[in-house]
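# Chains, contacts and geometry: an overview
Listed below are the residues making up each chain.
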Amino acid sequence: MSTTAKTPLILVDGSSYLYRAFYALPPLTNSKGQPTGAVYGVANMLRRLIKDYQPTLIVVVFDAKGKTFRDELFAQYKAHRPPMPDDLRTQIEPLHALVKAMGIPLLVIEGVEADDVIGTLAVQARRQKLNTVISTGDKDMAQLVDDHITLVNTMTDSRLNREGVIEKFGIPPERIVDYLALVGDTSDNIPGVPKVGPKTAVKWLQEYGSLDQIIARADEISGKVGDSLRENLAQLELSRRLATIKCDVDLALAPDELHLQAPDTAALRGLYQQLEFKTWLAQLNETADEEKSFAAAEKPATEKTAADYETILSAEQFQHWLQQLQSAEAFAFDTETTSLDYIQAEIVGVSFAIEANKAAYVPLAHDYPGAPAQLNREQVLAQLKPLLEDPRRAKIGQNLKYDMSVLANHGITLDGIAYDTMLESYVLNSTASRHDMDSLALAYLQHETIHFEDIAGKGSKQITFNQIAIEIAAPYAAEDADVTLRLHQHLWPKVAAEPSLKRVFSEVEMPLVPVLSRMERNGVLIDSDMLKRQSKLLAERMIELEQQAHDAAGEPFNLASPKQIQAILFDKQGLPVLEKTPTGQPSTAESVLQELALEYELPRLLLEHRSLSKLKSTYTDKLPEQINPRTGRVHTSYHQAVTATGRLSSSDPNLQNIPIRSEEGRRIRQAFIAAPGYQLLAADYSQIELRIMAHLSNDNSLKRAFQQGLDIHSATAAEVFGVPLDQVDANQRRSAKAINFGLIYGMSAFGLAKQLDVDRYAAQQYIDLYFSRYPGVKDFMDRMRSEAHDRGYVETLLGRRLYLPEINSRNGQRRQYAERAAINAPMQGTAADIIKLAMITTDHWLQQTKVEARMIMQVHDELVFEIHQDCLDECRQQLPHLMSQAAELSVPLVVDAGVGDNWDQAH
């Protein structure tokens, strides 16, 4: 092997990717129940590495069983790490077998970790003048980076060279070990120095140069953190040795001997069959049949299945398919359109699938020069209308809400909406994957779909579907229906096997689809003239603020330039540097400015200017531009499958982020108006998450407060501060409110101290008092954390699962974040379920009674209706009542409702 090879040596951290794949991918199993997700994830990463780098030298390194030399150095090394899950342990052996069958060298060395083997090979390769790529997700490997060694994370597509390490950590690679020794590692139980976090460690290393210099000058460092350093000097050397990657492991193979071999196709075939990696098996068989090379096996599976797709250009073909659809119990259906905007989109073609790997596309409105004759769109849709509107004919789709809205543009009311694969995936595991069809096909079917950009182009050169040649468009469109059907066949048994998930899907998510479609198409009326006046006022106020900021700074500067703000605040005015960017520059982030604004005028002016600028660009300027010329209304898009907790989100415009407490935000809400003869009714759940906490925790004191209709924050203040309810003052109530909401979001004593402007000891006393008065809440939080660690997920009251991929993370910060989410997610998720049920119930009542009213917005815990004045009394009585009955809790669900000519008045 020549040392001048063009392709780098690839060192794969198999253990890192094994854990990442296990927690990042869906819980895949074969038909026998054998877990396969981690094997698939790592193998897919290896295939991608080989495709991207075309290496001649590569090795995958795994940790060996048993103890290492670090356990001899420190008996508590990794002592806190939970045992490997059984579902992961069982995948190690087949993964090793698969790696070997792919022709990739595999190393497992006893007594050391995979990091040490990789470090040794990287150093040896450097001596041989081989460029090396280490494929890992482990930050500790950054200590190996130099001019010849680069880190890549295939799962996140990130790369770290020397400059990248400096930008990310604020220090060069040769100081990473010093950094790790200082901060420690909770996942590996490396001690570090208590009270020294990443910012302090980087600051010291930038100032003193190295750990040795920090130790030598420890007496110069003041404060409690300096005391902590001096108290822990004795164990710093141990921490450094534990964090240092060993680069002199005795290995039988040198870097230039790690050759990629030809795959063992017989072994691969057996493993693919056992693990049921069907697409890879099909590709392997095709390769063998056609005697193609290993590289050719990477081609998309769509080339194989396209031959099974039919393009319908004649009336006879269409009638044949129409008869099959009419006799089918269920079929997958998809539309191809001129736009993603459901209000403006027109149908270009439709596709169907009744059985897997067989589908048809009916082009109807491709109008490029030379396009072949197509069936008449109006006639085809007229023949499909009875079928599509038949509630007894089950339709399967991917994001059917969009198709429903587009069909409505052509006078068709889609009914029989039975299964949406986007929602099946979302209910099964909201965090396992993105829920678009391309991502789901890859994750669950191991199938690489034809992407829209592949046939339509990218960016400014992208064409609309009606301009795409039919011979190119047809395989793409038919595949959409086919893959949707196959995804349903894969996902639905998994959802149906869990009664609670089946209930969430069948009683919440699917019934909500037509409700959201109607609400989106209803739209909301906007007073564009009022918004334009507000934009003008905001612009004038921003000019005033800019001048005041210039005066406060003593010179003009660009308020949108972080660099210039840095120079003014920290260099010229000498304000304290609270945080630094990854490159070591003083941070001007909003959280930093908020803290500085408590004492200094200029940061306050900057914050106000930023806030007004965002309101102006996002709402007062943009909302008038988003008014649909045909309807005269603004039509947002609601998304069911985005947030981890089940809450809806919205876009174009995002209605969830309009501030309610600021005067400017309320002015924007005043521009959301009712049509002449109508008024807006806004109905909002009162303190719903605290009520859910009372129910889930079954805490008697908390339940009693809600059952008696007390002000919950005053009641909490009375309990925590030990004063009669009628003697609670405003400050006590404010503190109790911060505690109530802080704890349900998992806030620590540190966070509460910051919010209440008290020291951490006082904040901890508040928390301890709270838990002594509400012991059920403490028990509930402890139970949620425990269940999350054991099961990997928590559940809402209705049974929606909220997976927490980082709950057993080796990274302490990520693990703590997941533990906080484990506490809050059941409440936030239950609140999301309840308002979705309320939307379904109120929409059903509106449809049944035919009252002249329509639901037009959902924002957090609030529903907004536009109601004709003649129906106002009936709706004002009935709609809040229906919302309060959406779920049965052990405490009352209270709904506050108001009426007005605009949203602000009604709120």
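Residues numbered from 1 in each chain as written. Predicted model: local features only at pLDDT ≥ 70, side-chain atom pairs only at ≥ 80, totals over all residues. Heavy atoms only, no water.

### A word on the overall build of the chain
Helices and strands together make up the secondary structure of the chain, namely 38 helices and 22 strands. The C-alpha atoms of the chain give a radius of gyration of 31 Å, which matches the 29 Å a tight globule of 907 residues would have. Put simply, the chain has 907 residues, and 53% of those count as buried. Long-range pairs, those at least 24 residues apart, make up 67% of the contacts in the chain between residues at least 6 apart in sequence. (Helix = DSSP H or I, 4+ residues; strand = E, 2+ residues; numbered from the N terminus. Rg over C-alpha atoms; globule rule 2.2 N^0.38 Å. Buried < 20%, exposed > 50% of the residue type's maximum accessible area, 1.4 Å probe, protein only. Contact = heavy atoms within 4.5 Å.)

### Some details on the environment of Val196
Considering the arrangement of structural elements, one finds Val196 in the loop between helix H7 (176-183) and helix H8 (198-208). Given the relative accessible area of 6%, Val196 is considered buried. As for Val196 and Leu182, which are separated by 14 residues in sequence, their C-alpha atoms are 6.6 Å apart.

### Some remarks on the packing of aromatic side chains
Enumeration according to the criterion identifies 19 aromatic pairs in this entry. Geometrically, the ring pair formed by Tyr272 and Trp280 is tilted, given 5.7 Å between the ring centres and 55° between the ring planes. For Tyr272, a relative accessible area of 4% corresponds to the buried category. Sitting over the face of the ring of Phe771, Lys778 holds its NZ or CZ atom 5.9 Å from the ring centroid. Over the ring of Tyr678 we find Arg854; its NZ or CZ atom is 4.8 Å from the centre of that ring. (Phe/Tyr/Trp six-rings, centres within 6.5 Å; stacked < 30°, edge-to-face > 60°. Lys NZ or Arg CZ within 6 Å of the ring centre and 35° of its normal.)

### Some points on the pairing of strand S21 (residues 862-868)
Of all seven residues in S21, seven are buried; the element is thus mostly enclosed. Because side chains alternate across S21, one face comprises the buried residues Glu862, Val864, Glu866 and His868, and the other comprises Leu863, Phe865 and Ile867, equally buried. Sheet topology places strand S17 (residues 678-685) next to S21; seven bridges connect them, and they run antiparallel. The partner of Tyr678 across the bridge, within S21, is His868. Pairing of strand S20 (residues 853-859) with S21, which is carried by six bridges, proceeds in the antiparallel orientation. Across the sheet, the residue bridging to Ala853 is Ile867, located in S21. Counting the residues in the hairpin turn of S20 and S21 gives two residues, including His860, whose phi is positive at 55°. (Pairing = 2+ DSSP bridges.)

### As for the sheet that holds strand S5 (residues 149-153)
If you trace the six strands from one edge of the open sheet to the other, you get S3-S2-S1-S4-S5-S6, paired in mixed fashion. If you trace the sheet from one side to the other, it starts and ends with strand S3 (106-108) and strand S6 (158-160), each paired once. Pairwise comparison of adjacent strand axes, ignoring direction, gives a mean angle of 25° for this sheet. Taken together, the three bridges between S5 and S6 define a ladder with antiparallel strand orientation. (Axes fitted to C-alpha atoms, helices over the stretch in contact; angles between N-to-C directions.)

### Examining the pairing of strand S12 (residues 417-420)
With three bridges connecting them, strand S11 (residues 394-397) and S12 associate as parallel partners. Following the sheet pairing, Lys395 is matched in S12 by Ile417. In this fold, the crossover linking S11 to S12 by way of helix H17 (residues 400-409) has right-handed handedness. (Right-handed = clockwise from strand over helix to strand, strands pointing away.)

### So, the nonpolar core
One finds Leu46, Phe672 and Tyr685 to be the most contacted residues of the largest nonpolar core, which totals 214 residues. Sorting elements by how many residues they give to this core places helix H36 (residues 812-849) first, with 14 residues. Every residue in contact with Phe672, bar those within four places of it in the chain, is listed here: Val524, Leu525, Ile526, Leu623, Leu655, Ile658, Leu680, Met857, Asp901, Asn902 and Trp903. Counting 52 residues, the second largest nonpolar core, distinct from the first, contains Ile118, Ala142, Leu205 and Leu211. (Core = buried A, V, L, I, M, F, W, Y, C linked by side-chain atoms within 4.5 Å.)

### Things to note about the pattern of salt bridges
In this structure the tally under the stated criterion is 44 salt bridges. For Glu555, the salt bridge goes to Lys572, with nearest N and O atoms at 3.1 Å. On the criterion of sequence distance, the pair formed by Glu555 in the loop between helix H23 (528-553) and helix H24 (562-572) and Lys572 in helix H24 is long-range, its members being 17 residues apart. Classification of Lys572 as partly exposed rests on a relative accessible area of 44%. Close ionic contact of Arg667 with Glu663 constitutes a salt bridge, the shortest N to O distance being 2.5 Å. Linking Arg667 with Glu663, this pair stays in helix H28 (residues 663-670), spanning four residues, or about one helical turn. Each of Arg175, Asp178, Asp212, Glu237 and Arg240 takes part in one network of salt bridges that share partners. (Salt bridge = Lys/Arg side-chain N within 4 Å of Asp/Glu carboxyl O.)

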